[in-house]
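Fold and contact review
These are the residues of each chain, in order.
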Amino acid sequence: MRIAVVGSGYVGLVTGTCFADLGHDVVLVDNDEPKLVALARGEVPIHERFLPELLARHRGKRIQFSGDLQAAVRQSQAVFIAVGTPPTEHGDADLSYVESVAREISGALNEYKVVVEKSTVPVYTSQWIRTIILRNGAEPGAFDVASNPEFLREGTAVTDFLYPDRILAGVESERCAEVLREIYAPLTSGAYYSRGDAIPRPDGAQVPPRLILTSTKSAELIKHASNAFLAMKISFINAVASICESVGANVQQVCEGIGTDSRIGPRFLNPGIGYGGSCFPKDLLAFRAVARECGYEFRLLDEVMRINEEQRHRFLRKVRGVLWTLRGKQLAVLGLAFKGGTDDIRESPALLLVQELLREGCRISAYDPAAMERAQQVLGSNIEFTQDSYDAATGADALLILTEWEEFASLDLTRLRKLLKYPIVIDGRNLYDPAVMAAHGFTYYSVGRPAALTEDLPAGIRSNKTERS
Ligand SMILES: NC(=O)c1ccc[n+]([C@@H]2O[C@H](COP(=O)([O-])OP(=O)(O)OC[C@H]3O[C@@H](n4cnc5c(N)ncnc54)[C@H](O)[C@@H]3O)[C@@H](O)[C@H]2O)c1
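What comes next is a walk through the structure. (Residues numbered from 1 in each chain as written. Predicted model: local features only at pLDDT ≥ 70, side-chain atom pairs only at ≥ 80, totals over all residues. Heavy atoms only, no water.)

Details of the environment of E178
- In this fold, E178 is placed in helix α8 (residues 174-188).
- Sequence separation between E178 and L300 is 122 residues; the distance between their C-alpha atoms is 38 Å. (Helix = DSSP H or I, 4+ residues; strand = E, 2+ residues; numbered from the N terminus.)

Remarks on the packing of aromatic side chains
- One pass over the structure, following the stated rule, counts 11 aromatic pairs.
- Judged by centre distance (6.2 Å) and plane angle (70 degrees), the rings of Y367 and F408 are edge-to-face. Residue Y367 is located in strand β10 (residues 363-367), and its partner F408 is located in the loop between β12 (398-401) and α16 (413-419); the two are separated by 41 residues in the primary sequence.
- When its relative accessible area of 9% is taken as the criterion, Y367 is described as buried.
- Aromatic ring contacts, followed pair by pair, group F19, F80, F161 and Y184 into a single cluster. (Phe/Tyr/Trp six-rings, centres within 6.5 Å; stacked < 30°, edge-to-face > 60°. Buried < 20%, exposed > 50% of the residue type's maximum accessible area, 1.4 Å probe, protein only.)

Concerning the pattern of salt bridges
- Here the structure, examined in full by the defined rule, presents 26 salt bridges.
- Note that R57 and D21 form a salt bridge whose closest N and O atoms lie 2.9 Å from each other. Of the two residues, R57 is situated in helix α3 (residues 51-58) and D21 in helix α1 (residues 10-21); the sequence distance between them amounts to 36 residues.
- A relative accessible area of 30% means that R57 is categorised as partly exposed.
- Judged by relative accessible area, D21 falls into the buried class, the value being 0%. (Salt bridge = Lys/Arg side-chain N within 4 Å of Asp/Glu carboxyl O.)

Focus: the pairing of β12
- In β12, alternate side chains face the same way, and those of A398 and L400 on one face and L399 and I401 on the other are all buried.
- Where strand β9 (residues 330-334) and β12 come together, four bridges link them in parallel fashion. Among the inter-strand pairings, A332 is bridged to a residue of β12, identified as L399.
- In the sheet, β12 pairs with strand β13 (residues 424-427) via three bridges, with the strands oriented parallel. Bridging across to β13, I401 finds its partner in D427.
- Where the polypeptide runs from β12 across α16 and back to β13, its parallel neighbour, the crossover connection is right-handed. (Pairing = 2+ DSSP bridges. Right-handed = clockwise from strand over helix to strand, strands pointing away.)

A short note on the nonpolar core
- L336, L357, I364, L399, L400, L402 and L416 are the most contacted members of the largest nonpolar core, which has 55 residues in total.
- Filtering out sequence-adjacent residues up to four positions away, L400 remains in contact with F315, V319, L331, A332, V333, L334, L357 and I426. (Core = buried A, V, L, I, M, F, W, Y, C linked by side-chain atoms within 4.5 Å. Contact = heavy atoms within 4.5 Å.)

Examining the packing of helix α9 (residues 216-247) against helix α10 (residues 251-259)
- The contact between α9 and α10 brings their axes to 9 Å, and the two run at 135 degrees. Between α9 and α10, the interaxial angle falls into the category oblique. Viewed along their axes, α9 and α10 form a crossing whose handedness is right-handed. Seen from α9, the contacting residues are I237, V240, A241 and C244; seen from α10, they are V251, V254, C255 and I258. (Axes fitted to C-alpha atoms, helices over the stretch in contact; angles between N-to-C directions. Parallel < 35°, antiparallel > 145°, perpendicular 65-115°, else oblique. Left-handed = near helix turned anticlockwise from the far one by under 90°.)

Focus on the site of the ligand
- In the vicinity of the ligand, 27 residues are found, and the nearest of them are V11, D30, K35, T85 and K282.
- Here K35 contributes a side-chain N or O atom positioned 2.6 Å from an oxygen atom of the ligand.
- One of the side-chain N or O atoms of R346 is found 3.2 Å from an oxygen atom in the ligand.
- If the ligand stood free it would expose 840 Å²; the protein chains cover 88% of that surface.
- Going through the elements one at a time, α1 and α5 (96-106) are the ones with two or more residues in the shell around the ligand. (Near = heavy atom within 4 Å. Polar contact = N/O pair within 3.5 Å; in protein donor to acceptor, adjacent residues only side chain to side chain. Areas by Shrake-Rupley, 256 points an atom, 1.4 Å probe, with all protein chains shown as cover.)

Re the packing of α1 against α3
- Interaxial distance between α1 and α3 falls to 10 Å at its minimum, and their mutual angle equals 55 degrees. Classed by the angle they form, the pair α1 and α3 counts as oblique. Crossing angle aside, the handedness with which α1 passes α3 is left-handed. Across from L13, V14, T17, C18, A20 and D21 in α1, the residues of α3 making contact are L51, L54, L55, R57 and H58.

In structure tokens form, the structure reads like this:
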């Protein structure tokens, strides 16, 4: 099928590239000229596993890049809208980018097309897209609008797209449903998975995925409700971790006990410094705004957001509690991205913590395998960026682990201990076993687990309690 994807950011680029790998002819559209030039030159603007290989495989063959939205629409049977939907100052989603794309699509409907919203949008958006396209002169029979929310996670975006738990299509007509069925047929039929050159199947992925057909309104709500539920799971376990710290229990054991209940499941029960990224924070705000608009005060979401923010403050109090005064302290920071496997720093709790530590007068040497370039644009020369974790640790008063990159979980602990000025590790991602850290001579703090102590500290700190301020 000939497909246009409007918006070549994180979601658009991955979506378009994966569609090409499924055998479709794709035009990736963007209005960011330098981005288009870089993409055409062969650059890959985001750090995402398998994306460089797939782009190299299809660039100039099944993938074209274009700044001409209308030409791309004219030559396509389906048009995916994957532009940003950032929050306004009131918390609701700013849909002006979506509206402007819908307006332009209207003038290019030369034959029946399906316009698909891929961006995360509030309920009723597909109806608004339809209204805007009609208002700008299109015939009602010339198009349908579908909702096909994207569930990929940054860091594993390509495999998430090609091995999804399910594919969701909100449609209002059988004709439109048929187009979406055809686009995803290589996945739903299993044909893609038997190809020799398919991207390898990740552990635990069930194939083929089901295509779930719903109304457009249900599909829009499913995406917001899914993200809200996942954020709630994270905040829930972070709240439980805080109680564990108070009573001296171990949240890891609690997670195992809860997560083995098949009704709950183990995933997303990872205590830490809170969620971030470009999706959860903004989607929760948007979902709360949608609910409010419908006359429902979704207070549960307020609490999820409050716990998430509090989690960062708790971590800061822990750092203060362990190091006493912060002014002038040299801290090694591992991780700046909002999660492992990506260079995305949008709403990164790691970055927010670094900014707070700088405000408190700390000196910081930081390392992240992918996000340092982006972090430098925000932090400038206020911190030192290093070549690796060991460089960051050299001479530091303590080491802070803020992002769950795999390589941070397998450091040479003997070497690390020698490099640090004091053998203190404060782990916001629970990457290490406290007993192993103690055996290597570290004073080790994590989230929701008893501290491993190799020195005498004041009582409140010893028990890993972070008192409320
Ligand atoms: N990033 C994720 O992990 C993720 C996952 C699922 C869903 N989503 C949703 O997908 C949507 C896109 O997110 P993203 O992270 O890819 O955003 P992004 O900011 O990385 O990309 C958006 C792209 O759209 C382009 N754009 C904006 N207006 C345009 C226009 N009029 N014409 C052509 N291009 C235009 C921008 O230049 C940019 O390249 C959002 O609604 C987001 O919530 C994101």
